[in-house]
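# Chain and residue survey
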Amino acid sequence: MKLDITNTETFTEKKEVTNFKEKARKANKSLHTKDGKGSNYLGWVNLPYEITDNLIKDINTKAEELQSKIEIMLTIGIGGSYLGAKAVIEALSDNFSEYKTNKYPKMLFAGNNLSEDYIAELIQLLDDKSYAVTVISKSGTTTEPATSFRIFKKHLEKKYGKKEAVSRIIAITDKEKGALKQLADSEGYKTYVIPDDVGGRFSVLTPVGLFPVAVAGFDIKKLIDGAENIAEQTKKENNNAEAYAAIRNILYTNGFTNEILVNYNPKLTFFAEWWKQLYGESEGKKGKGIFPASVSFTTDLHSLGQYIQDGKRNLFETVISVEKTKYNVVLEKDEQNLDKLNYLAGKNIEYINKSAEQGTLKAHLDGGVPNIRISIPEINEFYIGELIYFFEKACGISGYILGVNPFDQPGVEAYKRNMFRILGKPGY
């Protein structure tokens, strides 16, 4: 993985860079010495080193057992309890796996919304499919996943009988406490632990993300290996995580309040959804924070491109660029040439895509948009693991520079209190 921040230099001053590099260094040190805000939620910092071979083997064994008897794995969770797994699975999957025969189960998600139509249509689908449920929640009482789990637990029990349903439910929850842990113990569900010191949005490298990714057929050991590689690199001073955290905070102090994560490969579209939660929930506090947004290019150049080019100058971009594609598709010469594309004959599509990337970068820089570029050699488990840990580490550093606790989310509770009062929940 490489980081290029040279296209932010005209928007910053040397004195600022020196100052913020030192702030980033101190913030990174605080993550390791655990003397900063939210220090009881820093278990993710050393997590890549702490995932044991026994845990990976156990996850893979259970995943293989389910793969042999189900068509669909339904993962129930919200926020960090599903975004990371879905981001990794979509990044690693065939774009059209939904329509192709695959030896691994299709991965579906619930408990991430309160749409009655979504649940009803999902029930209709699962009536005729063999499936299992992974339910992810520390407490077991969060409204969205708890509602869905109650419904699909009953559905499983009705479809397969109580005993078989138990073998098709996997609970990923607290080690000792909470409603889901209590239910799992009483019913006999297979369980995996969400560490107490790892918050939801930092949990993708725990069983929260690892188990669904394994069921989908991907190599979770390589995912961890990639994360460990970046964990090792970011222990050192003046590393890429520090540089990214520093430059985005410099831009923020200079009026660039919105960061757009850009991809040129649709497999990374949902990765941006994970990234948006990670940064939005970590930094959006006390009237502060960079607003995280995302676009998929070149698609969104034909919708949001106009605003990015000519709109309010409070935007900067972070581009994830993939150097190598899996396939090679070449544009052939056409005798009629009515579309005037023969000048591209013999070129592969990725060459055209990269040309669009380079052209867009220059256009946006000319339009006053600072640009950060992160590149990975290709999309696979190892490099996705690198990206995950890189963004997590940089997020912790960035939050400390900003002066907030990156590991709490007090604002999330506001809507819940109002909703519970409206619903008539006891105590509200």
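Preceding this section is the structure that the text describes.
Residues numbered from 1 in each chain as written. Predicted model: local features only at pLDDT ≥ 70, side-chain atom pairs only at ≥ 80, totals over all residues. Heavy atoms only, no water.

Another point: the packing of aromatic side chains. On inspection of all chains with the given rule, the structure shows 22 aromatic pairs. Seen in terms of ring centroids, Y131 and Y160 are 6.5 Å apart; in terms of plane orientation they differ by 55°. Their pairing is tilted. Of the two residues, Y131 sits in strand 4 (residues 131-136) while Y160 sits in helix 6 (residues 143-160), which places them 29 residues apart along the sequence. A relative accessible area of 0% means that Y131 is categorised as buried. With a centroid separation of 5.5 Å and an interplanar angle of 35°, the aromatic rings of Y244 and F390 are classed as tilted. Here F390 lies in helix 15 (residues 381-402) and Y244 lies in helix 11 (residues 240-253), a separation of 146 residues in the sequence. Pair check on accessibility: Y244 and F390 agree, each one buried. Taken together, the ring pairs connect Y244, F271, W274, W275, Y279, F390 and F391 into an aromatic cluster. (Phe/Tyr/Trp six-rings, centres within 6.5 Å; stacked < 30°, edge-to-face > 60°. Helix = DSSP H or I, 4+ residues; strand = E, 2+ residues; numbered from the N terminus. Buried < 20%, exposed > 50% of the residue type's maximum accessible area, 1.4 Å probe, protein only.)

The tally for this structure, following the rule as stated, stands at 24 salt bridges. The residue E283 makes a salt bridge to R248 at a minimum N-O spacing of 2.9 Å. One end of the pair, E283, is in helix 12 (residues 269-283); the other, R248, is in helix 11, and 35 residues separate them in sequence. Three or more residues joined by partner-sharing salt bridges are found here, namely K153, E157, K162 and E187. (Salt bridge = Lys/Arg side-chain N within 4 Å of Asp/Glu carboxyl O.)

As a further point, take a nonpolar patch on the surface. On the surface, Y327, V329 and I349 cluster together into a nonpolar patch covering about 320 Å² of accessible area. In this fold, I349 is placed in helix 14 (residues 349-366). (Patch = residues over 30% accessible without salt bridge, like charges linked within 9 Å, V, L, I, M, F, W, Y side chains within 5 Å. Areas by Shrake-Rupley, 256 points an atom, 1.4 Å probe, with all protein chains shown as cover.)

Remark: a regular strand shows side chains that alternate across the two faces of the sheet. Counting buried positions along strand 9 (residues 315-322) gives 8 out of 8 residues, so the element sits mostly inside the fold. Here strand 7 (residues 258-263) runs beside strand 9; their pairing, made up of 6 bridges, is parallel. By the bridge assignment for strand 9, I260 is matched with E317. Pairing between strand 9 and strand 10 (residues 371-376): 6 bridges, direction parallel. Of the residues in strand 10, the one forming a bridge with S321 is S375. With helix 14 bridging strand 9 and the parallel strand 10, this β-α-β connection has right-handed handedness. (Pairing = 2+ DSSP bridges. Right-handed = clockwise from strand over helix to strand, strands pointing away.)

Glancing now at the pairing of strand 4. Counted residue by residue, strand 4 has 6 buried out of 6 residues, so it is predominantly covered. Two elements, strand 2 (residues 72-76) and strand 4, share 5 bridges in a ladder whose sense is parallel. The residue of strand 4 that forms the bridge with T75 is T134. In this sheet, strand 5 (residues 169-173) lies alongside strand 4 in parallel orientation, the contact comprising 4 bridges. Bridging across to strand 5, T134 finds its partner in I170.

With that settled, the discussion passes to the nonpolar core. In this structure, F271, W274, I384 and F391 are the most contacted members of the largest nonpolar core, which totals 89 residues. Those residues within four positions of I384 in sequence are excluded, and the remaining contacts are V88, A91, L92, L223, L268, F271 and I379. Among the nonpolar cores identified, the runner-up in size contains 20 residues, and I119, F152, A165 and A184 belong to it. (Core = buried A, V, L, I, M, F, W, Y, C linked by side-chain atoms within 4.5 Å. Contact = heavy atoms within 4.5 Å.)

Empty space among the atoms becomes visible once a probe the size of a water molecule is rolled across them. Taken as a whole, the second largest pocket holds about 1000 Å³ of empty space. Surrounding the second largest pocket, 39 residues form its lining, K138, T142, Q409, E413 and K416 being those nearest its centre. Elements with a minimum of two residues in the lining of the second largest pocket: helix 6, helix 12 and helix 16 (412-423). With 6 residues, the top contributor of residues to the lining of the second largest pocket is helix 16. Residue composition of the lining of the second largest pocket, by class: 13 nonpolar, 15 polar and 11 charged. (1 Å grid on protein atoms, 1.4 Å probe; cavity = no way out; pocket = protein on both sides within 12 Å on 5 of 7 lines; lining within 4 Å. Points joined across faces, edges and corners; volume = space filled by probe spheres on them. Nonpolar A, V, L, I, M, F, W, Y, C, P; charged D, E, K, R; others polar.)

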